[in-house]
Each structure stands twice: as C-alpha cells, then as structure tokens.
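In case you want the letters, here they are:
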Amino acid sequence: VATAVLDLELSTRPREISGLDGYDRAFALVRLHGRPVGQALFAVAGGRVAEGELDAGLLEVADENLWRAWIARWMGWTEPASAGFDPPAASVVVCTRDRPDDLRVCVEALTRLDHPPLEVVVVDNRPATSSTVDLVRAFPGVRYVREDRPGASAARNRGLREARGEVVAFTDDDAVPDPAWLGALLTGFDDPLVLCVTGLTMPRELETRAQEWSERHSPFGRGFRRAVFDHSWHDPLHASPMGASVNMALRRSVPDLVGLFDEALGPGTPSCSGEDHELFTRILARGYRVVYEPSALCWHRHRRTWEDLRRMVFGYGAGVYAAWTRELFVEGELGLPRLAWGWLRHDQAPALARALLRRPGSVPLDLVLAELRGCAAGPWRYLAGRRRLRRLERAA
Amino acid sequence: VIAPVPKVSVVVPTHQRCESLRRLLNALRAQTYPAERMELVVVADGCTDGTADLLRSERPPFGFRFLEQPGLGATMARSHGAAWTTGDLILFLDDDTEPAPGLVEAHVRAHAETPGGAVVGALPPVMTGALDLARMGIRSWWDDEVLRLARRGHRFGYGDLLTGNVSVAAATFAAVGGFDTTFRCREDYELGLRLIRAGAPLRFAPDAVARHHESSGLDRSLRRVQAEGAAEVKMGLRHPELRLSLPLAEVHALGGTLPWLQRMALARSRRGVVVARILRLALPALERLRLRGSWRRVYNRLRGYHYWRGVGDEVGGPRGLAAYLHAGLDPAVEPEAELEVDLAEGLERIEVILDRERPSGLRIRYGDRFVGRLPPKVGAEPLRGEHLRAALLDHLAVPLITALAIAGVEMPGIRRRRAARQIRT
C-alpha cells in the first residue's frame, strides 16, 4: 500500500495514467506551463488512473489561482512585474552530513538550474567520514567548506559567511530542486524590504506509511498562492506559514540587519528544529518581509520509517517551543503565551481528543503524543542548547 | 524643443538641515551628467543653523544660486527657486535626499523618451536612528510607494507625483502655472493633477534613484496626517470634481457615521483631544509589551483622529463638511466617455488603439460577450496601451476567463471535460 508521486503538466496531460503497478493511490503536483498551480489525489486501480478519475481530480485543482496563471500566460504577462529589476547574483548553499547518496542527487539537480547560480557551496557539518569531500571532488564547479561546530544553524551561518552572492539560497541534502527553483526564488527580491523568500516543497516519494503521515501531519508545502508577510498584517510569532529552511533564500545582509541563525536551535542541537522559524520571526519583528513563492519548487524525501517520523514530530514540537523560549526571554515577546494557548486549544487538544476516540482520519496517537512531549521538552532543550554552545565557545 | 543635451536646473528647498545639504551637494558634484549643463538653486527657508554660511562658501562646478526666505514653507521655497531657473528641465530634490551618480542622467533619458512631461524618480528610504513600529511603518510606506510606481502597467494618478525627486519640463511647468503656493502640504498632488489635466505624460524612472534619509517618527507622521486632512479639503475646493473621490467623502458613503473619536475630531471637541492624548501615551507601553496588534489598532485610531481633526479645522465641523460634500454633488459634471473595445481583435491591436485614443475608461467585450468595464478614474492619466494587461489581470481576470471559455479558446482542464460531457450525452 503506497502512493505514487506524479508531476502532471496540464497543458500536455495524458488521457489516463498507467504503469502505477503496486500503488493504490497517486499524489500529483499539478503544473500549468511549468508553474505549480495545485495538488491532487487520485485512486489507482490496476496500475492505472482512469480518465474519469483524472478529470475529477483535476477539476478540484481548478480554482482562481489556476485561472489567473492561465490568463497571465494567455496575455504574455511574466513576473516579476517591476520595471528595472535585475535578479541579484545568488550563491546556493547545501548543508550536509555524511549522506553522499542523497547529496549527489541534490547537487546534480543544482547543475541543471535554468538560472545558474554564481556558485554552489557544500557545507560539510562535522563529518565522520570523508564521503562528502570525495563526492564534491567529482563536481568541479562546487566549492567544499568544512564546518566543525555542530548543528544546521552553525553550518548555515558558515554558508552565509562563505557565500559571495548578494542572495544565498539554501536547500537540504535530501531535497531536489526543480530547474526553475532558483530563478523563481530570486523574483521575490524586487522589494528591498524582503530579506527572505521561501518556496514550495513537495514530497519526492510516499512509499511508506511514515512518509504519507509525514506529508499529512507536517507538510512542507504552504499552498499554491504567493504570499507576502509583513508585521503590519501578520503576527511575526506565527512563523510556520512562512515556509521552512529546506527551501529558502536569504539576503546576505541578513546577519547585519537581524542577526544570524541561533546556533542553540535547529537540527544537530538538543532542540532538533526551530531555527528557521525563529529567524523568520526576527525578520518580521524588525520590520522586514518574507515572501512565499510557490513557483520555487523543490522535492523532499521524507523519513521512511515510523521511528524516524516520530522522532521528527517530537523534534518539531521541541523546536517550536525552544524557539518560543528564545522569543519570550531573549526578545521579550509577551504576546507569546496567547499564541501557545491558541495552538493547544484549537489544534493540539482537538487532535489529541480525536486520536483518543480513534475517529476516522485522526492523527495516530503516538504522533500526537510525540509532538506534545516535544513541546514540553522544548524550553529545557533550548537551555541545554545554550549551555552546550557556551561550552563549545569556551573550548574554542 | 529640448536640446540634445538639455540644461537641468536642480531646485532644492531646505530648512535647518545643514549636514544633509552638504551630503546632497557632494552627491550632485559626483553626477555623471556634464556639469556645464546643470545648475543648482538652493532656497534656504528660515535657516539659522549655518546653512547660509555653508552655501556662501560653496563653489560647485555648475551654475549655482542661493536664495533666502524667512520660514514660508517648502511650497513657497520650491516655487521661488523654480522662478530663478534657466534650464530646459527643472529637477526638484528634497534636502534629505542623496542622489545616485546617475540620477540627473536618468531623468534626462526619461524625458528624451517622453518629452514635455514629468518624471518621478525612486526615493528609497534610509532610516536614520532607532527603528520603532511607527518608523518601520514609515519605511514600509516609502518602500511600497516605489514598488507601486515600478509595477509594469501602472496607471498614474495625481497622488503619484512626489516632489522629493521629480523633474518637470520647464515649458510644461510654466504652462500649467507652477505650484499653487496656497498649499503648504500636498502641493505636489495638486501640481500632478494639473499636469495630468494638461495632458503632460507622467512616468516613473526606476534608475533615477535618490535615497532619502528619513528621520520622521510617530509625532511628525501624526502631524503630517493632520496637515493632509486639511490639504485634502483644499484640494476639493480648488478642484470640485475631485471632492467625492477624496477619502473624506467616505463619510458620505457611510451615511454620515464616523467612529466616535473621528466624530469628536471633526467637531474639534475637547473630549476628543483628551482621548487622543491618552491613546498617544498608551502607544509606547503597548510597543514595549510587544503587543503589535493592539498597538496597530490604537495607532490607526490616532491617525483617523488627526486626519479628521485636519478636515474639521478646514471645514469648521460636521455641518461645514456636509455643506462641502453637497456642493460636490454637481449634476453638471458630465460622466467621461468610455471607449468600447473587443479583445477578440487581439491585445496588441487594442493597445495600439488605446495609445492613439487615450480614453479615460473602457467597456470591454470579447466577441459578443461583455467582459466588464474599466471605469474612468478621477484624477488619473488617460489609459495607455501599457495599462491594458495589468488592468485585465487585476480587475477582470475571472469574467475574461469566462468569456474566453465560452468563445471556445483552448484551455487546459476545460477541453477534456467538454469532450467527456459530449460522450455522455
């Protein structure tokens, strides 16, 4: 029982889809002339998505968003619409740790970008083996940087320092960017107040139950509508709609204007995640903007085993509360308790109730509990992360 | 007729900003445009901070004139300065701007493409000093202003003429009669309106950049809102046809109900003054507690208060406002004619027609089917071909799609369903 992942182009769509043996469902990213406009789920029978099923599924996608994209194309209208805008020069930074097979796929995709970057930098975070450096040697255009301070935040901060482009685009070693990815991210920078542009992230495969639940419970995708976030209409503390670090570009001036990633947060630290959302919050709180640009697409391979998924969901809860701990005690964001209460009341508590009552379609209980345990652990894990950081600094 | 290398007269009004002025003068010295085709007129308006000494010692490489006046305001200063210019183009710059080296050249290039009009340059803000919520808002306003003007297909309105960085063909400036010096604020909008009425082309030059060093904060922006409320009333007095499209006419549309505080402001009541003062005192506390939502609500209320206080001072209370708005209901004003176009003829062809006819509004069909209207906009430039696609996308996307689908234009998603329906029947 698995879900096939399809990349469907509306303008050349087939009458039906076959060759999906072994799958009982198909998940499709739907594009119009290359531009993502929606997603659809189809039933697969006998390895096929039949014509009627395909039509019905695609009809669901047809909203105003699709029509606007279609009419823009019909009129020959291209974004960005600003006169006199030249996309800034961009570096691409991939942070990795001993995952050469994933990294190879990612770096190969980066050599196929429509808008070639100024440079590609691979930041190798505390490697245990020489596998990454050996792999990078095979790609002459790619620069290798080794960062021995632990954690994705430390690696990304190093990437920001090393990069030469005015914009630094980040993706993860387990993600594969679409050829239009970088060009689309850069269109968001026509507004000087925009410090960060994030993109749409779709699942690369949904082979296991863990991967399906990963996509259902905490998808990376944030919809198919472009959005501009500014503190005057969006609460900076509500960071998750703004995207995630797997698919984002920052101006290189970010460290000077709002500061670096907090190295006590994020993967490779006790708090497991949260570093990206904490930075988005700071960007908004200082009066700058974040843009979500769904045309900037990349594909991410979710964790395959249930054990990994549970750990990820725990880490998600821990990261959110760790980041909030910083917002509350370092940045003095007194509006936070209300936000945390809102999350518990409107989202977490109902999910827990549904899981306990085993309502159909409810999130598995162990995932709900993992998230709640993560939330409870978050503040302490943030403090542990800070202590560890101080220790490392003293040792250095 | 403008000479191949037109002479550019830069006019700068200044008030107690000696250091800014020095920065501006240095930036003008560094221009890529030939100095012998430039001149500078600085009007020191009530300066007691050593500006006069600075200017007396200046020996710039271009023609230079320095005038003084006793605190009469920026409008008078600009007008006074413009009277002394001898160039083909007059470039107005504010004293807090810092022109990029290519600024003058970019203005000249834009005028060569659309002679006889006005060119608005970009004024990206540089915030001096600490950033609080109010100053972030000011920065965002300026930033959005540049983006709005830079958007492809932007249709100019009179409110797009900002005098911080704008150049006007000298002959056109003289022909429309220059600034109305009875305005102490919004004189730029007022000039913009007369330029549009005179048929002068307005355009935005994204490469004509003068960064401006913004030092205003909360209190200055509230004072500014109040002055704008008063200026808007005057605008409607000078140009009665605008009256019902001004923001203050919304009260009319609302059936005469304003929020309490704004009513108090309009009536110039003591209670309003007290409440406004309390709200003003609450703002820093809300900001310190990081309660942005509450801060914004209070701030918007205060802005509303000051706007209506400005209106109230000018019209003399609610009755005055009613009389003012009723006088705007002039049945003699004829609705402007709309041009009828058929998009089935092709967008390119329609664009050519718009560039030729310059209608103020459009009635749009696709074949037999009516798509929608682009109604005439008071105080906006007549339509050009360039406006068509942006306006269709922004205002008429859905009806246009419907019309295209009915006309049988090939669309992904639609085509297959029609086929399926045919099979079933």
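This report concerns the structure included in the present document. Everything quoted here is computed from the prediction, not taken from an experiment.

### Comments concerning the interface of chain A and chain B
With 45 residues of chain A in contact, the opposing surface of chain B contributes 39 residues. Across the chain A to chain B interface the summed buried area is about 3700 Å²; carbon plus sulfur atoms make up 59%. The interface formed by chain A and chain B includes 4 salt bridges. In this structure, B:Arg292 engages A:Glu333 in a salt bridge whose closest nitrogen and oxygen atoms are separated by 2.6 Å. At the junction of chain A with chain B, the criterion picks out 10 residue pairs in polar contact (both at pLDDT 80 or more). Elements with a contribution of two residues or more to the side of chain A that touches chain B: α1 (51–61) and α2 (64–74) of chain A. Of the residues forming the side of chain A that touches chain B, the biggest block, 7 residues, is contributed by α2(A). Taken together, the residues of the side of chain A that touches chain B break down into 20 nonpolar, 10 polar and 15 charged.

### Focus on the pattern of salt bridges
All names here are of chain A. In this structure the tally under the stated criterion is 75 salt bridges over all chains. For glutamate 119, the salt bridge is made with arginine 164, and the minimal N-O distance between the two is 3.1 Å. Here glutamate 119, found in strand β5 (residues 119–125), pairs with arginine 164, found in the loop between α5 (152–162) and β7 (167–172); they are 45 residues apart in sequence, far enough to count as distant. Owing to a relative accessible area of 55%, arginine 164 belongs among the exposed residues under this scheme. Linked through salt bridges whose partners overlap, the residues forming this network are Glu119, Arg143, Glu147, Arg149, Arg158, Glu162, Arg164 and Glu263.

### Section: the pairing of strand β4 (residues 90–96) of chain A
On a regular strand, each side chain points to the face opposite its neighbour's, so the side chains alternate between the two faces of the sheet. Residue and element names in this part refer to chain A. Taking burial as the measure, the 7 residues of β4 include 7 buried ones, the bulk of the element. Side-chain alternation along β4 places Ala90, Val92, Val94 and Thr96 on one buried face and Ser91, Val93 and Cys95 on a second face that is also buried. With 6 bridges connecting them, β4 and β7 associate as parallel partners. Its bridge partner lying in β7, valine 92 is registered against alanine 169. Of the pairings in the sheet, the one linking β4 to β5 comprises 6 bridges and is parallel in character. Opposite cysteine 95, over in β5, you have valine 123 as the bridge partner.

### Examining the sheet that holds strand β11 (residues 361–366) of chain B
All names here are of chain B. Read across the open sheet, the 3 strands follow the order β10-β11-β12; overall the sheet is mixed. Because the sheet does not close on itself, it has two edges, and the strands there are β10 (338–342) and β12 (369–374). Between one strand axis and the next, the sheet turns by 20° as a mean value, whatever way the strands run. Alignment of β11 against β12, held across 5 bridges, turns out to be antiparallel. Looking at β12, one finds that isoleucine 364 is bridged to glycine 372. Set on the sheet, helix α14 (residues 347–357) makes contact with β10 and β11; between it and β10 the angle comes to about 160°. Strands in contact with helix α16 (residues 397–406) are β11 and β12; relative to β12, the strand with the most contacts, it is inclined by about 160°.

### With respect to a nonpolar patch on the surface
Together, A:Leu334, B:Leu289 and B:Leu291 give the surface a local cluster of nonpolar side chains, amounting to about 230 Å² of exposed area. Structurally, B:Leu291 can be placed in the loop between α11 (270–288) and α12 (292–315).

### What about the side chain of A:Glu278?
All names here are of chain A. Residue position: glutamate 278 is located in helix α9 (residues 275–285). Glutamate 278 gets classed as buried once you look at its relative accessible area, which sits at 0%. Here arginine 282 takes part through its side chain, which lies 2.6 Å from a polar atom of the side chain of glutamate 278. Setting aside anything within four residues of it in sequence, one finds glutamate 278 in contact with Asp262, Leu265, Ala323, Arg326, Glu327 and Glu331.

### Description of the nonpolar core
Residues and elements named next belong to chain B. By size, the foremost hydrophobic cluster in this structure holds 98 residues, and its most contacted members are Phe92, Leu195, Leu248, Trp308, Val311 and Leu321. In contact with leucine 195, not counting residues within four places along its chain, are Ala118, Leu161, Val168, Thr172, Val176, Ala200 and Leu202. Core analysis: the second largest hydrophobic core is formed by 48 residues, Val371, Leu392, Ala397 and Ala403 among them.

### Some thoughts on the side chain of B:Glu58
Residues and elements named next belong to chain B. Structurally, the position occupied by glutamate 58 is in the loop between α2 (51–57) and β3 (63–69). For glutamate 58, a relative accessible area of 11% puts it in the buried group. A distance of 2.4 Å separates the side chain of glutamate 58 from the side chain of arginine 29, its partner in a polar contact. Residues within four places of glutamate 58 in sequence aside, it is in contact with Leu25, Arg29 and Phe64.

### A short note on a positive patch on the surface
Residues and elements named next belong to chain A. Residues Arg386, Arg387, Arg390, Arg391 and Arg394 make up a contiguous surface patch of positive charge. Looking at the secondary structure, you find arginine 390 in helix α12 (residues 365–395). Since its relative accessible area comes to 43%, arginine 390 is described here as partly exposed.

### Regarding the packing of aromatic side chains
Residue and element names in this part refer to chain A. Inspection of the entire model under this criterion finds 13 aromatic pairs over all chains. Relative to tryptophan 343, the ring of tyrosine 316 lies with its centre 6.4 Å away and its plane at 90°, an arrangement referred to as edge-to-face. Remark: tryptophan 343 occurs in helix α11 (residues 336–356) and tyrosine 316 occurs in helix α10 (residues 306–329); sequence separation between them is 27 residues. The partly exposed category is assigned to tyrosine 316, whose relative accessible area is 26%. On the accessibility criterion, tryptophan 343 (16% relative accessible area) is buried.

### Some points on the packing of α2(A) against α16(B)
α16(B) packs onto α2(A) with a crossing angle of 75° between their chain directions and a minimal axis gap of 10 Å. Here α16(B) runs roughly perpendicular to α2(A), going by the angle between their axes. Contacts between α2(A) and α16(B) involve A:Glu64, A:Trp67, A:Arg68, A:Trp70, A:Ile71 and A:Trp74 from the first element and B:Ala397, B:Val398, B:Leu400, B:Ile401 and B:Leu404 from the second. Split by residue class, the contact of α2(A) with α16(B) holds 9 nonpolar, no polar and 2 charged.

### With respect to the environment of B:Arg223
Residue and element names in this part refer to chain B. Note on placement: arginine 223 falls in helix α8 (residues 218–238). Owing to a relative accessible area of 56%, arginine 223 belongs among the exposed residues under this scheme. Sequence-wise, arginine 223 and glutamate 348 are 125 residues apart; in three dimensions their C-alpha atoms are separated by 47 Å.

### Here we look at the pairing of strand β2 (residues 38–45) of chain B
Residue and element names in this part refer to chain B. Burial analysis of β2 places 8 of its 8 residues in the buried class, which makes it a mostly covered element. Side chains of β2 alternate between two faces, with Met38, Leu40, Val42 and Ala44 and Glu39, Val41, Val43 and Asp45 buried alike. Pairing analysis gives 7 bridges linking strand β1 (residues 8–14) to β2, with the strands arranged parallel. Residue pairing across strands places valine 12 opposite valine 42, the latter belonging to β2. Between β1 and its parallel partner β2, the chain crosses via helix α1 (residues 18–29), and the hand of that crossover is right-handed. Across 7 bridges, the pairing between β2 and β3 is parallel. Its bridge partner being in β3, valine 41 is matched across the sheet by arginine 65.

So, how was this worked out
Residues numbered from 1 in each chain as written. Chains lettered and ligands numbered in written order. Predicted model: local features only at pLDDT ≥ 70, side-chain atom pairs only at ≥ 80, totals over all residues. Heavy atoms only, no water. Contact = heavy atoms within 4.5 Å. Buried area = accessible area lost by both parts, 1.4 Å probe. Salt bridge = Lys/Arg side-chain N within 4 Å of Asp/Glu carboxyl O. Polar contact = N/O pair within 3.5 Å; in protein donor to acceptor, adjacent residues only side chain to side chain. Helix = DSSP H or I, 4+ residues; strand = E, 2+ residues; numbered from the N terminus. Nonpolar A, V, L, I, M, F, W, Y, C, P; charged D, E, K, R; others polar. Buried < 20%, exposed > 50% of the residue type's maximum accessible area, 1.4 Å probe, protein only. Pairing = 2+ DSSP bridges. Axes fitted to C-alpha atoms, helices over the stretch in contact; angles between N-to-C directions. Patch = residues over 30% accessible without salt bridge, like charges linked within 9 Å, V, L, I, M, F, W, Y side chains within 5 Å. Areas by Shrake-Rupley, 256 points an atom, 1.4 Å probe, with all protein chains shown as cover. Core = buried A, V, L, I, M, F, W, Y, C linked by side-chain atoms within 4.5 Å. Lys, Arg positive; Asp, Glu negative; His and termini not counted. Charge placed at Lys NZ, Arg CZ, Asp CG, Glu CD. Phe/Tyr/Trp six-rings, centres within 6.5 Å; stacked < 30°, edge-to-face > 60°. Parallel < 35°, antiparallel > 145°, perpendicular 65-115°, else oblique. Right-handed = clockwise from strand over helix to strand, strands pointing away.

No statement about biological role is implied by the geometric values presented.
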